[in-house]
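The residues making up each chain are set out below.
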Amino acid sequence: MKLELARAMLMNADILLLDEPTNHLDVANVAWLQNYLNSLTNVTSMIVSHDSGFLDAVCTGIIHYETRKLKKYKGNLSKFVEQYPQGKSYYELSASPIAFKLPEPGFLDGVKSKDKALVKLQNIDFAYPGSTKLTIMNMSCQVSLNSRVAVIGPNGAGKSTLIKVLTGETVPTDGVVTKHPNVRVAYVAQHAFHHVEQHLDKTPNEYIRWRYQYGEDREMVNKATRQISPEEEAQMKKFIQWEINEKIEKVQIEDLYGRRKAKRSFEYEVQFVGRSYEDNAWIAREKLEEWGFEKVLQAFDDKEAAKAGAWTRSLTAVEVEKHLGDLGLDAEFASHSRIRGLSGGQKVKVVLAAAMWLNPHLLVLDEPTNYLDRDSLGALSLAIKDFGGGVVIISHNREFTDTVTVEKWSVNAGQLVVTGNNYTQKNLEKIVMKEEEVKVDAFGNVEKVKSTRKLSRKEIKEKQKRRAAAKKRGEEVSDSEEDF
């Protein structure tokens, strides 16, 4: 963006046509651009932007598109809203006339508080291959279902690198990353179009069905946490000593076939090379990690988590179209238009919908405001407020982050300062388990899947009150719903 602006400046133009000039710029550079445009005394600037603060600072007139006509208003954006109250959504995100709906995340074993860490980074360092200089250093932070995090800082400070370590796109040079085995993470990269650039001739509906046709997210395969190096492969091929039929033998591990809960961790069913299934063994996660199978375990956990996320709905054209509609993409564009022909904002909606298909517990957005219009930004901010999972956002749009976040990760020169976190507080918010989940098949049949967890006395009383209120309103309540 800086390069494009520099080229425009060197043309010594009479008119500057600027289409979203603040995209990708940090706060300092946006302030510089404002001052530069305001300093021009003999140049006209025509600007398309969704940054209300920027428009307030640089505009002396607004041209508004109304009922297929252009109408002129004198003054900046706030003056425009005074004259045209219907345009309030351009100025206040909460006034958006449209709504998005993010799917609710599923529950996680052992997570009884929404403040419990699902992903934790401890003393993380990272340097790019061939570089001796660390991009990020000694960073520690964590994310829970309650998290609403804004990652802020100047361009090049290390924000995107931190996010890539958090999501598993990148493996840290040093430090420890721990995550709940079943956590599902949705990630929308800063250059969001890279998610779909190889699928421009598919419709958004076809793209999502392609991406999840085997149950797991196909993008997971390309993560650095899945790539096994020759050294790691050699380590996994080493012989181990294991007792089979009351006899200690030297064996090699071939693959993992199952997982079960142990006391504080998991055990995995292991098949040995050249042995029958009868010789399979259940081995603790810690032991397998010690033998070098950490990435294989991660891949297995991801597949198990994906299965749980895919259970609540079927991967059909009808279901996908509805899901895309929940994220603001009408059926005309969702199922009948190729991705190639969509606008930038529509492509971002496709990428966001695709990332959210498996009902993730954490949503990570890197510069989501770059291509979304004001109404969509407002709809996204309201959807995030209602979302039951954790959210981490990199954005230079202070209006957006101030609306949806309470915690800040300030990144500068590779260093991290965390403020406003809630995981040190004592009054933890407890998770209320849904009494039943619903799965809809391809024909629209609804199947209720009852929770295996026993309700507490408090939850039973709340349920009884809801049933009594429903009966009083004249609503039908089945006998099974009244039973405890």
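Residues numbered from 1 in each chain as written. Predicted model: local features only at pLDDT ≥ 70, side-chain atom pairs only at ≥ 80, totals over all residues. Heavy atoms only, no water.

1. So, the overall build of the chain
And then number 1: When helices and strands are tallied, the chain shows 16 helices and 20 strands.
And then number 2: Looking at the chain residue by residue over its 484 residues, the buried ones come to 45%.
And then number 3: Considering only contacts within the chain whose residues lie at least 6 apart along the sequence, 64% involve residues at least 24 apart.
And then number 4: Per element, the accessible surface of the chain, about 26600 Å² overall, is 50% carbon and sulfur. (Helix = DSSP H or I, 4+ residues; strand = E, 2+ residues; numbered from the N terminus. Buried < 20%, exposed > 50% of the residue type's maximum accessible area, 1.4 Å probe, protein only. Contact = heavy atoms within 4.5 Å. Areas by Shrake-Rupley, 256 points an atom, 1.4 Å probe, with all protein chains shown as cover.)

2. Thoughts on the sheet that holds strand S16 (residues 390–394)
Hydrogen bonds between backbone atoms are what pair the strands of a sheet, whose relative direction is either parallel or antiparallel.
And then number 1: Taken together, the six strands give an open sheet; going across it, the order is S9-S15-S16-S7-S17-S18, and neighbouring strands pair in mixed fashion. Looking at which strands have only one partner, the edges of the open sheet turn out to be strand S9 (185–188) and strand S18 (415–419). Across the sheet, the mean angle from the axis of one strand to that of its neighbour is 15°, orientation sign disregarded.
And then number 2: Where strand S17 (residues 407–412) meets S18, five bridges bridge the pair, whose relative direction is antiparallel. (Pairing = 2+ DSSP bridges. Axes fitted to C-alpha atoms, helices over the stretch in contact; angles between N-to-C directions.)

3. Concerning empty space enclosed by the protein
And then number 1: Using the criterion set out here, one finds three cavities of 30 Å³ or more in the structure.
And then number 2: Volume-wise, the largest cavity comes out at about 50 Å³.
And then number 3: Every residue lining the largest cavity is listed: Leu5, Ala8, Met9, Leu16, Leu18, Trp32, Leu33, Tyr36 and Leu37.
And then number 4: Mapped by element, the contributors of at least two residues to the lining of the largest cavity are helix H1 (2–10), strand S1 (15–19) and helix H2 (27–39).
And then number 5: Ranked by residue count, the leading element in the lining of the largest cavity is H2, at four residues.
And then number 6: Of the voids in this model, the second largest cavity is the one considered here, and its volume is about 40 Å³.
And then number 7: Contributing to the lining of the second largest cavity are Val188, Val348, Leu352, Leu365, Pro368, Leu372 and Leu380.
And then number 8: Residue composition of the lining of the second largest cavity, by class: seven nonpolar, no polar and no charged. (1 Å grid on protein atoms, 1.4 Å probe; cavity = no way out; pocket = protein on both sides within 12 Å on 5 of 7 lines; lining within 4 Å. Points joined across faces, edges and corners; volume = space filled by probe spheres on them. Nonpolar A, V, L, I, M, F, W, Y, C, P; charged D, E, K, R; others polar.)

4. Let's talk about the pattern of salt bridges
And then number 1: If you walk through the whole model with that rule in mind, you get 16 salt bridges.
And then number 2: Where lysine 322 meets aspartate 326, a salt bridge forms, and the shortest distance between an N and an O atom there is 3.7 Å. Of the two residues, lysine 322 and aspartate 326 both sit in helix H10 (residues 317–326), four residues apart, roughly one turn of that helix.
And then number 3: For glutamate 399, the salt bridge goes to arginine 374, with nearest N and O atoms at 2.8 Å. Residue glutamate 399 is found in helix H14 (residues 398–404), and its partner arginine 374 is found in helix H13 (residues 374–386); the two are separated by 25 residues along the sequence.
And then number 4: Salt bridges sharing common partners tie together Arg259, Arg285, Glu289 and Asp301. (Salt bridge = Lys/Arg side-chain N within 4 Å of Asp/Glu carboxyl O.)

5. Points about the sheet that holds strand S14 (residues 281–284)
And then number 1: Taken in spatial order, the three strands make up an open sheet running S12-S13-S14, and their pairing is antiparallel. The sheet is open, and its two edges are formed by strand S12 (253–261) and S14, each paired on a single side. If you compare each strand with its neighbour and ignore which way they point, the axes differ by 35° on average.
And then number 2: Two elements, strand S13 (residues 266–272) and S14, share four bridges in a ladder whose sense is antiparallel.

6. Focus: the side chain of threonine 203
And then number 1: One can find threonine 203 in the loop between S9 and helix H6 (204–211).
And then number 2: In this structure threonine 203 comes out as buried when scored by relative accessible area, which is 9%.
And then number 3: Once residues lying within four places of it in the same chain are set aside, the contact partners of threonine 203 are Ala334, Ser335, Ser337, Arg338 and Ile339.

7. Here we look at helix H9 (residues 294–310)
And then number 1: Under the 1.5 Å per step criterion, the end-to-end length of H9 is 24 Å for 17 residues, consistent within 8% with the ideal 24 Å.
And then number 2: Close packing links the buried residues of H9 with strand S8 (174–179), S12, S13 and helix H8 (285–290). (Expected span 1.5 Å × (residues − 1).)

8. What to know about the pairing of S17
The side chains of a regular strand alternate, residue by residue, between the two faces of the sheet.
And then number 1: Residues Glu407, Trp409 and Val411 line the buried face of S17, whereas the alternating positions Lys408, Ser410 and Asn412 sit on a face that is not buried.
And then number 2: Bridging between strand S7 (residues 148–152) and S17 involves four bridges; their strand directions are parallel. Counterpart to alanine 150 in the pairing with S17 is lysine 408.
And then number 3: Hairpin connection between S17 and S18: a loop of two residues separates the two successive antiparallel strands, and alanine 413 in this loop has a positive phi of roughly 55°.

In short, shape yes, function no, at least from these values alone.
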